[in-house]
Amino acid sequence: MPTKKTILDFQEMKKKGEKVAWITAYDFPVASFAEQAGIDMILVGDSLGMVVKGYKGTIPVTMEDCISHSQDVRRGAPNTFCIGDMPFMSYQTSCQEAVANAGRFLKEADMDAIKLEGGIRVCDQIKAITEAGIVVFGHIGLTPQSSGQMGGFKAQGLHVDSARDLIKDAVAVEEAGCEALLVEAVPPEVTEFITEKLEIPVYSIGAGLPCDGQLLICGDMLGMFEAFTPKFVKKYANIAEDITRAFEEYVKDVKEEKFPEDEHVYHIKDSQEDFDKLFNEFA
Ligand code: KIV
């Protein structure tokens, strides 16, 4: 059984140049496979809106959704560092609401940290949550909750002006108290600069190699989510194909009476004669 890592371990890994491999998970089975495979940390992302619930984006996801899926993941991965993702409008409205909702992830779902999206504009909330004793992961670059303002799910920091904003955001969230930072859909040159500039670990999802570790969404990397695949995804499996093939075979077997076979049924323990007598009683 793996020993559960803490934020101090991740800070130490940055110093040693040891990379962190993390994924998102939303349910018990995937979380338990992740733990068995030695995944370093799990994000219960609000991407569950798209991957699990079939929404077009993350906006409709609620605190109740996030808490419930975090509980499922914790049961599946009791010894893995888990991060609860603050959904849209669970922290933007006030510091008080941000602290209360962040606290729910720890109290109700036994998460080790929370993540929220944004840079300078959410620094007050980051400060308030860290002052409450909660480990906060920042998230800058492509931030799906504000994709409307970005004109869609678009890479960020491609030009000097937007890269400057990203660097300012990165520095600000570290100063506000973030203990790790996720950078999404940003060119590696910018990620590398931020990683070297900050003392806290900097992780990439679609932000290239030169940083302290990588995150992928389980639905993308397992080939389970077919609506769209971002450029930065590497597919390690094609579960959708496997599941569809299995269902097709099952339909065929049922229609052709090839399932169930003898090995799939329970066998009577009294004689057929005794059962015939029983059936006659009711005939
Ligand atoms: O919800 C999520 O999975 C995320 C990733 C896109 C980083 O926030």
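Scroll up to find the structure.
Calculation criteria
Residues numbered from 1 in each chain as written. Predicted model: local features only at pLDDT ≥ 70, side-chain atom pairs only at ≥ 80, totals over all residues. Heavy atoms only, no water. Salt bridge = Lys/Arg side-chain N within 4 Å of Asp/Glu carboxyl O. Helix = DSSP H or I, 4+ residues; strand = E, 2+ residues; numbered from the N terminus. Buried < 20%, exposed > 50% of the residue type's maximum accessible area, 1.4 Å probe, protein only. Pairing = 2+ DSSP bridges. Right-handed = clockwise from strand over helix to strand, strands pointing away. Near = heavy atom within 4 Å. Polar contact = N/O pair within 3.5 Å; in protein donor to acceptor, adjacent residues only side chain to side chain. Areas by Shrake-Rupley, 256 points an atom, 1.4 Å probe, with all protein chains shown as cover. Contact = heavy atoms within 4.5 Å.

Caption draft 1: The pattern of salt bridges, seen in detail. Using the criterion set out here, one finds 15 salt bridges in the structure. The partner of Glu 131 in a salt bridge is Lys 127, and the shortest N-O contact between them spans 3.3 Å. Here Lys 127 and Glu 131 lie together in helix α6 (residues 123–131), a separation of 4 residues that amounts to about one turn. Overall, the relative accessible area of 61% leaves Glu 131 in the exposed class. The salt bridge partner of Arg 245 is Asp 242, with a shortest N-O separation of 3.2 Å. Of this pair, Arg 245 and Asp 242 both sit in helix α11 (residues 239–255), 3 residues apart, roughly one helical turn.

Caption draft 2: Spotlight on the pairing of strand β5 (residues 136–141). Of all 6 residues that make up β5, 6 are buried, and the element is covered over most of its length. Of the two faces of β5, the one lined by Val 136, Gly 138 and Ile 140 and the one lined by Phe 137, His 139 and Gly 141 are each fully buried. Across 2 bridges, strand β4 (residues 113–115) lies against β5 in parallel orientation. Within β5, the position partnered with Ile 114 by the bridge is Val 136. Following the backbone out of β4, through α6 and into the adjacent parallel β5, one traces a crossover that is right-handed. Where β5 and strand β6 (residues 180–184) come together, 5 bridges link them in parallel fashion. Bridge pairing in β6 places His 139 opposite Leu 182.

Caption draft 3: Summary view of the site of the ligand. Taken together, Thr 24, Leu 43, Gly 45, Asp 46, Ser 47, Asp 85, Lys 115, His 139, Leu 182, Glu 184, Leu 215 and Ile 217 form the complete shell of residues around the ligand. Here an oxygen atom of the ligand sits 3.0 Å away from a polar atom, N or O, in the side chain of Asp 85. One of the side-chain nitrogen or oxygen atoms of Lys 115 is found 2.9 Å away from an oxygen atom of the ligand. For the ligand, whose accessible area on its own is 260 Å², the fraction buried by protein is 98%.

Caption draft 4: Geometry of the side chain of Asp 112. Relative to the helices and strands, Asp 112 is located in the loop between α5 (95–109) and β4. Looking at Asp 112, the relative accessible area reads 19%, which means it is buried. A distance of 2.8 Å separates polar atoms of two side chains, one belonging to Asp 112 and the other to Lys 4. A polar atom in the side chain of Asp 112 sits 2.8 Å from the backbone nitrogen of Cys 82. With residues near it in sequence (within four places) discarded, Asp 112 still touches Lys 4, Arg 74, Thr 80, Phe 81, Cys 82 and Val 135.

Remember that the coordinates give geometry; whether it matters functionally is a separate question.
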